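What follows is the residue order along each chain.
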Amino acid sequence: MQFPIFKTKIKGLTQDFDLNNPQERKKYFELKAGKEIKKLRDYLKKGHTFIIYLLGKKNSGKGTYSKMFAEIVDPQKIEHFSIGDMIREIDKEIADKKRKREFVEFLDKNYRGQHSIKELISLLEKRSTTAPLLPTELILLLVKREISKRKRKALFIDGFPRDLDQINFTLFFRDLIGYRDDPDIFVLIDVPEAVIDERIKYRRICPCCQTSRNLKLLPTSDVGYDPKKKEFYLNCDNPNCSCHRLIPKEGDEKGIGPIKERLLKDEKLITQAASLYGIPKVFLRNSVPRALAQEYVDDYEITPEYYYEWDGKKVTVKERHWVVPDDAKTPSYSLLPPPVVVSLIKQLTEVLHL
Ligand SMILES: [Zn+2]
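Anyway, here's the lowdown on the structure attached to this text. Here the structure is a predicted model, which means the values were calculated and not measured.

1. Side note on the coordination of the zinc ion
Moving on, step 1. For the zinc ion, every protein donor is listed as Cys 206 (SG), Cys 209 (SG), Cys 236 (SG) and Cys 241 (SG), and the spread of their distances is 2.2 to 2.3 Å.
Moving on, step 2. Because the angles between the four donor atoms bound to the zinc ion fall within 102 to 113°, the donor set is best described as tetrahedral.
Moving on, step 3. Of note, the zinc ion draws all its donor residues from one chain, in the sequence arrangement C-x2-C-x26-C-x4-C. One end of the pair, Cys 206, is in the loop between strand 5 (203–205) and strand 6 (212–214); the other, Cys 241, is in the loop between strand 8 (231–235) and helix 9 (260–274), and 35 residues separate them in sequence. Across the pair, Cys 241 and Cys 206 agree in class, each one buried.

Encoded structure:
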């Protein structure tokens, strides 16, 4: 499926921004989407909400985009809600005796479906990444419970629908949770698999403070060189952390290898969601073919790759546009999150008819 390329370049605008700097990022958004941001704020201020279902492959940046959107538009009135986080919370809940009892009582009162409460708890306890998915009616019930704990907010839901059969449930979901006539929208995200692959392969994590960076795409401010291994590494630059070297997580060197099946499933899910009638859709595209970049985006909106040189004494950090093949093998640039969020803001304003 081909996603449309969104033009964030504005003719006559030559100012550069450092999009990693929060202050400059704010100015950037003001300049590129100020009018639309104001419309969205007014809409939320009047008490309206929306529900967005984020559909993108694993590691496609769903959390990054929705959190940045909330940060820019209105952090008080927008919430990012991930099914994965919710399940991890429930793991803790059922590990605690008293809370587990309350949870069982809740299920007893509210669950309707094919499984006994005992089976449900055992499914939750034995769940691992390879285990079968949790039954849809359970997920729906748990999401409903989470949402009732929060005030009425605009929601980005991440991780649901997760399977083809769950897509139909989403069509009635806002009625179920009492969001009445406020709009629901599919936000579909397209990220080349090569991008996901390198995000995983070059990921480095601090064993002490869990800071997560990327040797190629997001280094720390302190890069070292190991002459024995002949390789560069990142040092943790968190001032509150006493650790030094960030390390790869076991299995990360395989990139997308182990999640190929999942990615294929996600792809089918996105294609099916895109073909549905009656529900508005927003298309977010992470990459732009290199040959078209000049026309559509500004230079500083393109993700740089970092590379390093060692002169025997010190490391020099260098930077250039990162070129990756998209899924059709066209040499492409990957966009930094802000321009993708600009396209989200503008498309959302349109589907909400603001
Ligand atoms: Zn650290």
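2. A few points about unusual backbone geometry
Moving on, step 1. Residues Phe 160 and Pro 161 are joined by a peptide bond in cis, for which omega reads 0°.
Moving on, step 2. Position of Pro 161 among the secondary structure elements: in the loop between strand 3 (154–158) and helix 7 (164–176).
Moving on, step 3. Although it is not a glycine, His 353 adopts a positive phi angle of roughly 55°.
Moving on, step 4. If you trace the backbone, His 353 turns up in the segment after helix 11 (337–351).

3. As for the environment of Glu 305
Moving on, step 1. By the secondary structure assignment, Glu 305 is in strand 11 (residues 304–310).
Moving on, step 2. In sequence terms Glu 305 and Lys 318 are 13 residues apart; their C-alpha atoms lie 8.4 Å from each other.

4. A look at helix 9
Moving on, step 1. Helix length check: helix 9, at 15 residues, gives a terminal C-alpha distance of 21 Å against a target of 21 Å (1.5 Å per residue), a fit within 8%.
Moving on, step 2. When helix 9 is considered as a whole, its buried residues turn out to be Arg 262, Leu 263, Asp 266, Leu 269, Ile 270, Ala 273 and Ala 274. Projected down its long axis, helix 9 carries its buried residues within an arc of 130°, all on one side. For helix 9, exposure combined with an orientation more than 90 degrees from the buried face picks out Glu 261, Leu 264 and Lys 268.
Moving on, step 3. Those residues of helix 9 hidden inside the fold are in contact with strand 1 (51–55), helix 7, strand 4 (184–190), helix 8 (193–201) and strand 9 (281–285).

5. Some remarks on the sheet that holds strand 2 (residues 78–82)
Moving on, step 1. Strand order across the open sheet formed by five strands is 2-3-1-4-9, with parallel pairing between neighbours. Where the open sheet ends on each side, the last strands, each with one partner, are strand 2 and strand 9. This sheet shows a mean twist of 20° between the axes of neighbouring strands, independent of strand direction.
Moving on, step 2. Here strand 1 pairs with strand 3 via four bridges, running parallel.

6. Structural notes on the nonpolar core
Moving on, step 1. By size, the foremost hydrophobic cluster in this structure holds 52 residues, and its most contacted members are Phe 29, Phe 50, Phe 69, Val 187 and Ile 345.
Moving on, step 2. Look past the residues within four positions of Phe 50 in its chain and what remains in contact with it is Tyr 43, Leu 44, Phe 69, Lys 153, Ala 154, Leu 155, Phe 156, Pro 183, Ile 185, Leu 348 and Leu 352.
Moving on, step 3. The next biggest cluster of nonpolar side chains, apart from the first, holds 39 residues, and it includes Tyr 53, Ile 139, Leu 142 and Leu 188.

7. Overview of empty space enclosed by the protein
Moving on, step 1. This structure, assessed with the given rule, holds one cavity of 30 Å³ or more.
Moving on, step 2. Its volume calculated, the largest cavity comes out at about 80 Å³.
Moving on, step 3. Looking at the largest cavity, it is lined by 14 residues, and the ones nearest its centre are Ile 5, Phe 6, Arg 285, Leu 335 and Ser 343.
Moving on, step 4. Secondary-structure elements contributing two or more residues to the lining of the largest cavity are strand 9, strand 10 (287–289) and helix 11.
Moving on, step 5. In terms of residue class, the lining of the largest cavity is built from nine nonpolar, four polar and one charged.

Cut-offs used in this document
- Residues numbered from 1 in each chain as written.
- Predicted model: local features only at pLDDT ≥ 70, side-chain atom pairs only at ≥ 80, totals over all residues.
- Heavy atoms only, no water.
- Donors = N, O, S within 2.8 Å, 3.2 Å for Na, K, Ca; no water.
- Tetrahedral: all angles 85-135°; square planar, octahedral: opposite > 155°, others 65-115°.
- Helix = DSSP H or I, 4+ residues; strand = E, 2+ residues; numbered from the N terminus.
- Buried < 20%, exposed > 50% of the residue type's maximum accessible area, 1.4 Å probe, protein only.
- Expected span 1.5 Å × (residues − 1).
- Arc of directions from axis to C-beta.
- Contact = heavy atoms within 4.5 Å.
- Pairing = 2+ DSSP bridges.
- Axes fitted to C-alpha atoms, helices over the stretch in contact; angles between N-to-C directions.
- Core = buried A, V, L, I, M, F, W, Y, C linked by side-chain atoms within 4.5 Å.
- 1 Å grid on protein atoms, 1.4 Å probe; cavity = no way out; pocket = protein on both sides within 12 Å on 5 of 7 lines; lining within 4 Å.
- Points joined across faces, edges and corners; volume = space filled by probe spheres on them.
- Nonpolar A, V, L, I, M, F, W, Y, C, P; charged D, E, K, R; others polar.

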